[in-house]
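This is what each chain is made of:
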Amino acid sequence: MTGATTTDAERTRVAAWRADTPGCEQRVHLNNAGAALVPRSVSSAIVDHIALESSVGGYEAADLRRAEIDRCYEHIAALCSTRPANIAVTASATAAFIQAASARYWIWYDV
């Protein structure tokens, strides 16, 4: 197997991602199993949404952001070559596994 070569465009893209992630300035962070460093764009979106929830309420904030939420499902579905209705976003990988496993009726010899 031959080694992969990195192009200038790829190096530029990675440099931009690292510049957008403040934690990259202080460390090499390899604990990405659900606990990756958060880029500024994500932390800003979270802070903005919490501020919106504080002013109008959680359900109302979700309603106001419905188009953005739907677009997220559309983008994930496109990455997976499927329909948005087939996508489930959960709080964690553990929650996703439990929900998927619970969707099936298990009998004693299945395990």
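For clarity, every value in this text was computed on a predicted model and none was experimentally measured. (Residues numbered from 1 in each chain as written. Predicted model: local features only at pLDDT ≥ 70, side-chain atom pairs only at ≥ 80, totals over all residues. Heavy atoms only, no water.)

Q: For this particular structure, what's the right way to read the overall build of the protein chain?
A: Secondary structure summary: the protein chain contains five helices and zero strands in total. Along the chain direction, N to C, the helices and strands of the protein chain fall in the order α-α-α-α-α. Relative to the 2.2 N^0.38 estimate, which gives 13 Å for 111 residues, the radius of gyration of the protein chain is 19 Å and therefore markedly larger than a compact globule would have. Structurally, the protein chain occupies a C-alpha span of about 50 × 50 × 30 Å along its principal axes. A burial count over the protein chain gives 6% of its 111 residues as buried. The contacts of the protein chain with a sequence gap of at least 6 include a subset with a gap of at least 24, amounting to 0%. A total accessible area of about 9,300 Å² is found for the protein chain, and carbon and sulfur atoms account for 60% of it. Of the side chains in the protein chain, 10 bear a positive and 12 a negative charge, and the two mean positions are spaced by 6 Å. (Helix = DSSP H or I, 4+ residues; strand = E, 2+ residues; numbered from the N terminus. Rg over C-alpha atoms; globule rule 2.2 N^0.38 Å. Buried < 20%, exposed > 50% of the residue type's maximum accessible area, 1.4 Å probe, protein only. Contact = heavy atoms within 4.5 Å. Areas by Shrake-Rupley, 256 points an atom, 1.4 Å probe, with all protein chains shown as cover. Lys, Arg positive; Asp, Glu negative; His and termini not counted. Charge placed at Lys NZ, Arg CZ, Asp CG, Glu CD.)

Q: Before we go on, may I ask you to explain the environment of Ala62 in this structure?
A: Considering the arrangement of structural elements, one finds Ala62 in helix 3 (residues 58–64). The partly exposed category is assigned to Ala62, whose relative accessible area is 22%. For the pair Ala62 and Cys72, spaced 10 residues apart in sequence, the C-alpha separation works out to 13 Å. With near-sequence residues (within four places) excluded, Ala62 lies in contact with His49 and Ile69.

Q: Got a minute to help me understand the state of the cysteines in this structure?
A: Each disulfide consists of one covalent bond between the sulfur atoms belonging to two cysteines. Per the stated rule, a full pass over the model turns up zero disulfides. Here Cys80 is not disulfide-linked; the sulfur of Cys72 is the nearest cysteine sulfur, at 11 Å. (Disulfide = S-S within 2.5 Å.)

Q: What is the right way to look at unusual backbone geometry in this model?
A: What is expected of a backbone is that most residues other than glycine have negative phi and most peptide bonds are trans. Positive phi values are uncommon outside glycine, yet Ser81 reaches one of about 55°. Here Ser81 shows up in the loop between helix 4 (66–79) and helix 5 (93–102). Judged by its relative accessible area of 70%, Ser81 falls in the exposed class.

Q: Would you mind going over the environment of His49 with me for this structure?
A: Topologically, His49 is positioned in helix 2 (residues 40–56). With a relative accessible area of 23%, His49 lands in the partly exposed category.

Q: Can you walk me through the pattern of salt bridges in this structure?
A: Enumeration over the complete set of coordinates arrives at four salt bridges. We note a salt bridge from Arg40 to Glu25, for which the minimum N-O separation is 3.8 Å. On the criterion of sequence distance, the pair formed by Arg40 in helix 2 and Glu25 in the loop between helix 1 (8–19) and helix 2 is long-range, its members being 15 residues apart. Taking relative accessible area as the criterion, Glu25 reaches 58% and is therefore assigned exposed. (Salt bridge = Lys/Arg side-chain N within 4 Å of Asp/Glu carboxyl O.)

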